[in-house]
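# Remarks on the overall topology
Residue-level listing of the chains:
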Amino acid sequence: MNYTVNNKGFYGDFGGAFIPEMLHHNINELKENYLGIITSDSFQKEYKSLLKDYVGRPTPLFFAKNLSKKYNCTIYLKREDLNHTGAHKINNTIGQILLAKKMGKTRIIAETGAGQHGVATATVCALMNLKCIVYMGEVDIERQAPNVARMKMLGAEVRPASSGSKTLKDATNEAIRDWIANPVDTYYLIGSVVGPHPYPDMVARFQAIISEEMQQQLLVKTGKKNPDKIIACVGGGSNAAGAFYHYLNTASVQLIAVEADGLGVHTSKSAATTQLGSEGIIHGSKTILMQNKEGQITEPYSISAGLDYPGIGPLHAHLFKSSRAQFIGVTDQEALKAAYLITQKEGIIPALESAHAIAALEKISFKPKECVVVNLSGRGDKDMKTYSTYLK
Ligand SMILES: *Cc1c(COP(=O)(O)O)cnc(C)c1O
């Protein structure tokens, strides 16, 4: 089985670029340029230097002694929560902003739901002195006020999307409309391993720094570069793609992707795409998504804004269908419980998204001595309001 994208932009049955005719020019320009630029020595030198001195990489691989004792195995946490801006998203925005500059683009657009990708984009635009416009649903602007304030302080313009349900998919439509209207100077910066080819491949390559470091760090700490299991949460799937990337073809490493069950898969409040979804097209790529019989996208739900997405990227759809990765669902309540567990056992307050990955530890049986890496995608500052509401 092959887990890298083919020259048509597909992972098995999934991927491709299902886009309006009027976007062909923009997507072709990106497709023809991205690999040459991002694999060049000069790009890699600049990218790695910013990851080191601006983002703060490499992020530590921390041996979680107390969690290990509880689950009777060896658990390491990959500390993406320690990155600048508090999550893995900056790995990707740094990469794409450098690419945009090399392609001569001067205006950056993005769409955001929870606001985390908007903040990571506004951050790198400030750093590079580029104009930044972030589309965001009116409902999300209301719900995510602290991130809106951050984006504005960073100098971005936040444009409300007021059509439809006024959430992420409406913001995405607005961003696409903008890109069609501004094909020459504008770069569309996508925040996960979603969207038309080449975005899923490009974002996975930028997030692959996570598993590149993991291999080196495990070798130093355990004498082997391969763990037995890697666990990561999946919204669109970028932190999981990064944590899995260098292990995709190593069959002995079990890959475990964790989705948000929300209130439960049998309620209408869930974001468990692989359990509830079917094959279809979302955001320009063929993948698995939650939709009704007429092909209308179902509004997802999760307590965690970053996992509240109705699809998964095409790589993950392929990993699911081919059974290369195992998909596990975790409810809001289970994630909250896990957030308190890791906070009180290890002194680390995780993002609610990352707490879903921690909660999966309850649902897996481990052999003693098994080596497990949990990707801690982000930190919990942004979720303190939710956590304190649930404080017993
Ligand atoms: C955005 C986000 C996610 C979900 O996005 P992926 O593309 O699936 O990684 C997970 N964790 C954190 C902390 C996030 O901010």
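Above this text sits the structure in question.
The shown structure was predicted, so the numbers you read here are calculated from the model rather than taken from an experiment.

Topologically, Thr106 is positioned in the loop between helix H4 (89-102) and strand E5 (107-112). Thr106 sits in the partly exposed class, given a relative accessible area of 45%. Residues Thr106 and Lys367 lie 261 residues apart in sequence; the distance between their C-alpha atoms is 53 Å. Those residues within four positions of Thr106 in sequence are excluded, and the remaining contacts are Leu130, Lys131 and Asp185.

Here we come to the sheet that holds strand E4 (residues 74-79). Overall, mixed pairing links the six strands, which are arranged E3-E4-E14-E9-E10-E13 in an open sheet. The outermost strands of the open sheet, each flanked by one partner alone, are strand E3 (61-63) and strand E13 (325-331). Adjacent strand axes in the sheet meet at a mean angle of 25 degrees when their direction is disregarded. In the sheet, E3 pairs with E4 via three bridges, with the strands oriented antiparallel. Within E4, the residue paired with Leu61 across the bridge is Lys78. Of the strands in this sheet, E3, E4, strand E9 (229-233) and strand E14 (371-376) are in contact with helix H10 (residues 209-222), which crosses E4 at around 140 degrees.

Glancing now at the packing of helix H2 (residues 41-55) against H4. Viewed as axis vectors pointing N to C, H2 and H4 meet at an angle of 140 degrees, and their least axial separation amounts to 10 Å. When the interaxial angle is binned, H2 and H4 end up oblique. When you trace H2 past H4, the crossing you get is right-handed. Each of Phe43, Glu46, Tyr47, Leu50, Leu51, Tyr54 and Val55 in H2 lies in contact with H4, whose residues at this interface are Ile90, Asn91, Ile94, Gly95, Leu98, Leu99 and Lys102.

Think of an α-helix as 3.6 residues a turn; residues three or four steps apart then line up on the same face. Counted residue by residue, helix H13 (residues 314-321) has six buried out of eight residues, so it is predominantly covered. Those residues of H13 that fall on the buried side of the exposure criterion are Pro314, Leu315, His316, Ala317, His318 and Leu319. Lining the buried residues of H13 we find strand E1 (10-11), strand E2 (14-15), helix H9 (199-207), helix H11 (238-244), strand E12 (285-289) and E13. Looking one or two residues beyond H13, the residue adopting positive phi is Ser323, at roughly 60 degrees.

Of all residues adjacent to the ligand, which total 17 residues, the nearest are Lys89, Ser192, Gly237, Ser238 and Ser377. With respect to the ligand, the side chain of Ser192 contributes an N or O atom lying 2.6 Å from an oxygen atom. One of the backbone N or O atoms of Gly237 is found 2.7 Å from an oxygen atom in the ligand. For the ligand, whose accessible area on its own is 390 Å², the fraction buried by protein is 97%. Of the residues in the shell around the ligand, the class split is four nonpolar, eleven polar and two charged.

What counts, and where the lines are drawn
Residues numbered from 1 in each chain as written. Predicted model: local features only at pLDDT ≥ 70, side-chain atom pairs only at ≥ 80, totals over all residues. Heavy atoms only, no water. Helix = DSSP H or I, 4+ residues; strand = E, 2+ residues; numbered from the N terminus. Buried < 20%, exposed > 50% of the residue type's maximum accessible area, 1.4 Å probe, protein only. Contact = heavy atoms within 4.5 Å. Pairing = 2+ DSSP bridges. Axes fitted to C-alpha atoms, helices over the stretch in contact; angles between N-to-C directions. Parallel < 35°, antiparallel > 145°, perpendicular 65-115°, else oblique. Left-handed = near helix turned anticlockwise from the far one by under 90°. Near = heavy atom within 4 Å. Polar contact = N/O pair within 3.5 Å; in protein donor to acceptor, adjacent residues only side chain to side chain. Areas by Shrake-Rupley, 256 points an atom, 1.4 Å probe, with all protein chains shown as cover. Nonpolar A, V, L, I, M, F, W, Y, C, P; charged D, E, K, R; others polar.

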